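Inside the fold
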Amino acid sequence: MVRGQQQKNPPLRLAVFASGTGSNFRAIVDSIEDGKLNAVVVGLISNNPDAGAIVFAESKQIPCEIVNKKRYPDESEHDAKILNILEQWKTNFIILAGYMKMINPLIVEKYKNRILNIHPALLPSFGGKGMYGLHVHEAVIEYGVKFSGVTVHIVNNEYDAGPVVLQRVVPVLDDDTPQSLQQRILKEEHIIYTEAIQLFAENRITVSGRRVFVQRDHAKN
Ligand code: GAR
């Protein structure tokens with residue numbers, strides 16, 4: 001293709017799932033507004049009515065839905081509701097941004113290789129059930145590893161075990177507390193998540209078993 005004549009793909013239609021503060025969600029919205037990410041956020045799904053992510057979504061007029069066990073005690077109804085919302089929004093890509101629930105296998109299958117999650121450590125270390133937020137950084141410091149980092153991975157049916165898309169290393173400093181390490185890692189999360197999503201937006205990702213290959217951008221080289 002001739003340089004400068006590259007056809008732009010249609011923007012990804014992202015549904016974001018978040019349970020907490022939503023700083024990754026904000027970073028994604030910022031990246032879209034800055035023109036770094038070819039996507040639109042079609043809506044936010046949260047299980048937590050008190051999530052900071054909801055306040056932010058509302059401030060941006062992004063549609064929000066709260067789906068949790070309290071409102072939908074029946075699991076199949078809960079999952080059907082989520083699928084229904086995703087369809088209504090014409091979602092074609094899902095971003096988990098601090099969403100503390102497993103995604104139903106039916107949704108994983110329907111959006112195969114199109115659901116990403118971010119984890120604040122270098123998977124497969126310090127991942128799995130119960131490993132989220134500060135718990136991860138506490139475990140990292142307690143173990144004494146010298147490097148931690150960020151992993152963006154494709155969601156499959158096991159906790160934190162899907163194919164790795166991108167990783168970034170962050171050193172663990174002698175005087176780090178779980179909070180200081182979390183803050184440094186979060187900064188990297190905000191950069192790397194946009195990069196990973198944009199690779200999908202540009203159709204540059206190929207998944208082969210556990211391996212994810214990134215096609216080089218010839219126009220930039
Ligand atoms: C982020 O650090 C994310 O990596 C982590 O939750 C935090 C959410 O922060 N996710 C996990 O631990 C998943 N196992 P945010 O709400 O500010 O984006």
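These lines cover the structure that appears in this document, whether it is placed above or below. If you're wondering where the values come from, they're calculated on a predicted model, not measured in any experiment. (Residues numbered from 1 in each chain as written. Predicted model: local features only at pLDDT ≥ 70, side-chain atom pairs only at ≥ 80, totals over all residues. Heavy atoms only, no water.)

1. A short note on the pattern of salt bridges
- Tallied over the entire structure, the rule returns 7 salt bridges.
- For Lys60, the salt bridge goes to Glu33, with nearest N and O atoms at 3.0 Å. Remark: Glu33 occurs in helix α1 (residues 23–33) and Lys60 occurs in the loop between α2 (52–59) and β3 (64–66); sequence separation between them is 27 residues.
- The exposure class of Lys60 is partly exposed, given its relative accessible area of 32%.
- Across the pair Glu195 and Arg168 runs a salt bridge, and its minimum N-O distance is 3.3 Å. You can see Glu195 sitting in helix α6 (residues 178–201) and its partner Arg168 sitting in strand β7 (residues 164–171), a full 27 residues away along the chain.
- On the basis of relative accessible area, Glu195 is assigned to the partly exposed category, the value being 34%. (Salt bridge = Lys/Arg side-chain N within 4 Å of Asp/Glu carboxyl O. Helix = DSSP H or I, 4+ residues; strand = E, 2+ residues; numbered from the N terminus. Buried < 20%, exposed > 50% of the residue type's maximum accessible area, 1.4 Å probe, protein only.)

2. Some thoughts on the environment of Glu189
- For Glu189, the location among the structural elements is in helix α6.
- Taking C-alpha positions, Glu189 is 9.5 Å from Gln167, a pair spaced 22 residues apart along the chain.
- Dropping the residues within four chain positions of it, Glu189 is found in contact with Asn24, Ile118, Pro120 and Val150.
- Within polar-contact distance, the side chain of Glu189 engages the side chain of Asn24 at 2.9 Å. (Contact = heavy atoms within 4.5 Å. Polar contact = N/O pair within 3.5 Å; in protein donor to acceptor, adjacent residues only side chain to side chain.)

3. With respect to the sheet that holds β3
- A sheet is described by the order of its strands in space; here 7 strands give the open sequence β3-β2-β1-β4-β5-β6-β7, paired in mixed fashion. Edge positions in the sheet fall to β3 and β7, since each has one partner strand and no second. Geometrically, the sheet is characterised by an average inter-axis angle of 20 degrees between neighbouring strands, direction not taken into account.
- Contacting β1 (12–17), β2 (39–46), β4 (93–96) and β5 (115–119), α1 crosses the sheet at an angle of about 160 degrees to β2. (Pairing = 2+ DSSP bridges. Axes fitted to C-alpha atoms, helices over the stretch in contact; angles between N-to-C directions.)

4. A look at the site of the ligand
- Around the ligand, 15 residues are found, and the nearest of them are Gly22, Ser23, Asn24, His119 and Glu189.
- Within the side chain of Ser23, an N or O atom sits 2.6 Å from an oxygen atom of the ligand.
- Interatomic distance of 3.2 Å between a backbone N/O atom of Gly133 and an oxygen atom of the ligand.
- Mapped by element, the contributors of at least two residues to the shell around the ligand are α1, β5 and α6. (Near = heavy atom within 4 Å.)

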